[in-house]
Amino acid sequence: MSFEGFGPDALPFFKALAFHQSREWFEANRGTYERAVKGPLGDLVEDVAERLRKAKIPIKGDRKASLFRIHRDVRFSNNKDPYKTNAGVALTRSGAKGDPGVLYFHLSPEECFFAAGFHMPEPDQLARLRGAAARAPKPFKAMSAKLKRAGLRLSDEDSLKRAPRGFEAIDDPEIAAAVRLKSLICLRPVAEPAIASPSLVDGFAAFARDSLPLLAWGWDALADSRAARPERQAGR
């Protein structure tokens, strides 16, 4: 089915789930979750994936692989609530959620947004991303400029206070700020009324196009055989 928008029960479902947080309540209301949240999310992903395929943007997804589970992994958490009070989808080059470089949509009563990039990458991947920015500032700045023209910027929410080891000698302010980041992502807020409209597909596809420079830069950085240990990148 084509995406028709999230109905009026989607966000209230999460508000009620946050209050109840029990298997009994969830099972009694599973039908609402399937109809109001999971079904439309699947439609959204598949419509966007088809739009990206036609535009030759190398990002894939489907309703089976792209949706995050509503059940929380509580094994290593002090918070034992069994259910998430939000929903999300991730599209990648392969279609698998674990692939580096993600296009993401977040749905919750608190906020809805699109995001793209490399969120809390593994240490080796993060070192490669930082190394690419330090070794070749010009392509990194060109990517940042493209984001800026689209009304986007790298989020500084996950950032170190000091330069990571091996990058202390960088004196370019833009590159110094970049290598302090623990995630390289950009975001675009989605107004609550927009989630009720089929045009959310248009907005998601447009965000994919606008954020593609970041994803493409990161994919190239991770594939670069010249990537080395951080301390060999400093000052270059």
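(A) Spatial organisation of the pairing of strand 2 (residues 102-107). Most of strand 2 is tucked away, with six of its six residues classed as buried. Of the two faces of strand 2, the one carrying V102, Y104 and H106 and the one carrying L103, F105 and L107 are both buried. One ladder, built from five bridges, connects strand 1 (residues 87-91) with strand 2; its direction is antiparallel. Paired with L91 across the two strands is L103, which belongs to strand 2. For strand 2 and strand 3 (residues 113-118), the ladder comprises five bridges, and the chain directions are antiparallel. In the sheet register, L103 faces strand 3, and the bridge partner there is A116.

(B) Structural detail: the pattern of salt bridges. Summed over the entire model, instances satisfying the criterion amount to 13 salt bridges. Among the salt bridges present, the one from E27 reaches R30, with a minimum N-O distance of 2.8 Å. Of the residues examined, R30 reaches a relative accessible area of 29% and is grouped as partly exposed. Residues E34 and R30 are paired through a salt bridge, measuring 3.7 Å at the closest nitrogen-oxygen approach.

(C) Spotlight on the pairing of strand 1. For strand 1, a buried count of five out of five residues is recorded, marking the element as mostly surrounded by other parts of the structure. Alternating residues of strand 1 divide into A87, V89 and L91 and G88 and A90, and every residue in both groups is buried.

(D) Just the packing of helix 5 (residues 137-149) against helix 7 (residues 200-223), in detail. Close contact between helix 5 and helix 7 brings their axes to 8 Å; oriented N to C, the two are set at 160°. Classified by the angle their axes make, helix 5 and helix 7 are roughly antiparallel. The two elements helix 5 and helix 7 cross, and the hand of that crossing is left-handed. Where helix 5 abuts helix 7, its residues P139, F140, M143, K146 and L147 lie against D210, S211, P213, L214 and W217. In the contact of helix 5 with helix 7, the residues fall into seven nonpolar, one polar and two charged.

(E) Spotlight on the environment of P137. Take P137: it is sitting in helix 5. Along the chain, P137 and D172 lie 35 residues apart, while their C-alpha atoms are 8.9 Å from each other.

(F) Quick peek at the packing of aromatic side chains. A full pass over the atoms with the stated rule returns 15 aromatic pairs. Between F13 and F14, the aromatic rings sit 5.5 Å apart at their centres with planes inclined by 70°, giving edge-to-face as the arrangement. Each member of the pair F13 and F14 is classed as buried. With a centroid separation of 5.2 Å and an interplanar angle of 70°, the aromatic rings of F140 and W217 are classed as edge-to-face. In this pair, F140 sits in helix 5 while W217 sits in helix 7, placing the two residues 77 residues apart along the sequence. Through pairs of rings, three or more aromatic residues link up here, namely F3, F6, F105, F114, F204 and F207. Just above the ring of F68 sits the side chain of K97; from NZ or CZ to the centre is 5.5 Å.

(G) Spatial organisation of the nonpolar core. Core analysis: the biggest nonpolar cluster contains 66 residues, and F6, V37, F105 and L107 have the highest contact counts within it. Broken down by element, this core gets its largest block of residues, twelve residues, from helix 7. With residues up to four places along the chain from it excluded, the contact list for V37 reads F6, A10, F13, F14, T32, A87 and L107. Among the nonpolar cores identified, the runner-up in size contains five residues, and V102, Y104, F113 and A115 belong to it.

Conventions we followed
- Residues numbered from 1 in each chain as written.
- Predicted model: local features only at pLDDT ≥ 70, side-chain atom pairs only at ≥ 80, totals over all residues.
- Heavy atoms only, no water.
- Buried < 20%, exposed > 50% of the residue type's maximum accessible area, 1.4 Å probe, protein only.
- Helix = DSSP H or I, 4+ residues; strand = E, 2+ residues; numbered from the N terminus.
- Pairing = 2+ DSSP bridges.
- Salt bridge = Lys/Arg side-chain N within 4 Å of Asp/Glu carboxyl O.
- Axes fitted to C-alpha atoms, helices over the stretch in contact; angles between N-to-C directions.
- Parallel < 35°, antiparallel > 145°, perpendicular 65-115°, else oblique.
- Left-handed = near helix turned anticlockwise from the far one by under 90°.
- Contact = heavy atoms within 4.5 Å.
- Nonpolar A, V, L, I, M, F, W, Y, C, P; charged D, E, K, R; others polar.
- Phe/Tyr/Trp six-rings, centres within 6.5 Å; stacked < 30°, edge-to-face > 60°.
- Lys NZ or Arg CZ within 6 Å of the ring centre and 35° of its normal.
- Core = buried A, V, L, I, M, F, W, Y, C linked by side-chain atoms within 4.5 Å.

In short, shape yes, function no, at least from these values alone.
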